[in-house]
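Descriptive analysis of the structure
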Amino acid sequence: MAGEQQQHAHATVAPQAGHAQQTCPACGNPVETVVRRRKSLGIFVPEWVPGPCRNPGCPQYAPAEG
């Protein structure tokens, strides 16, 4: 429908373009950097956040999808 905006929870892997390596807050292992969007003053701006932890021994472990 014209004029409607939809909010999607997109999370894509960020390119390593000068961003520091992110670490899991629970276990400290390196994780992927994920780009999320947030709305600020009517526009979407990128926000680089740590991705899911892939360490099976971590309390915040997230199995790989697919």
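In this report, we go over the structure that sits alongside the text. These numbers were taken from a predicted model, which means no experiment stands behind them. (Residues numbered from 1 in each chain as written. Predicted model: local features only at pLDDT ≥ 70, side-chain atom pairs only at ≥ 80, totals over all residues. Heavy atoms only, no water.)

**Focus: the overall build of the protein chain**
Per the secondary structure count, the protein chain includes 0 helices and 5 strands. Ordered by position from N to C terminus, the α and β elements of the protein chain give β-β-β-β-β. Evaluated residue by residue, the protein chain yields a buried proportion of 15% over its 66 residues. Within the protein chain, contacts between residues separated by at least 24 positions form 30% of all contacts whose residues are at least 6 apart in sequence. Element-wise, carbon and sulfur atoms account for 53% of the exposed surface of the protein chain, whose accessible area totals about 5,200 Å². (Helix = DSSP H or I, 4+ residues; strand = E, 2+ residues; numbered from the N terminus. Buried < 20%, exposed > 50% of the residue type's maximum accessible area, 1.4 Å probe, protein only. Contact = heavy atoms within 4.5 Å. Areas by Shrake-Rupley, 256 points an atom, 1.4 Å probe, with all protein chains shown as cover.)

**Description of the pairing of strand β4 (residues 33–40)**
Relative to strand β5 (residues 43–50), β4 is paired through 8 bridges, and the arrangement is antiparallel. Looking at β5, one finds that V34 is bridged to V49. Between β4 and β5, which follow one another and run antiparallel, lie 2 residues, and L41 among them has a positive phi close to 55°. (Pairing = 2+ DSSP bridges.)

**Describing unusual backbone geometry**
Positioned with a positive phi, L41 is a non-glycine residue whose angle comes to about 55°. Within the secondary structure, L41 sits in the loop between β4 and β5.

**Focus on the packing of aromatic side chains**
Evaluated as defined, the whole model comprises 0 aromatic pairs. Positioned over the ring face of F44 is R37, at 4.2 Å from the centre of the ring. (Phe/Tyr/Trp six-rings, centres within 6.5 Å; stacked < 30°, edge-to-face > 60°. Lys NZ or Arg CZ within 6 Å of the ring centre and 35° of its normal.)

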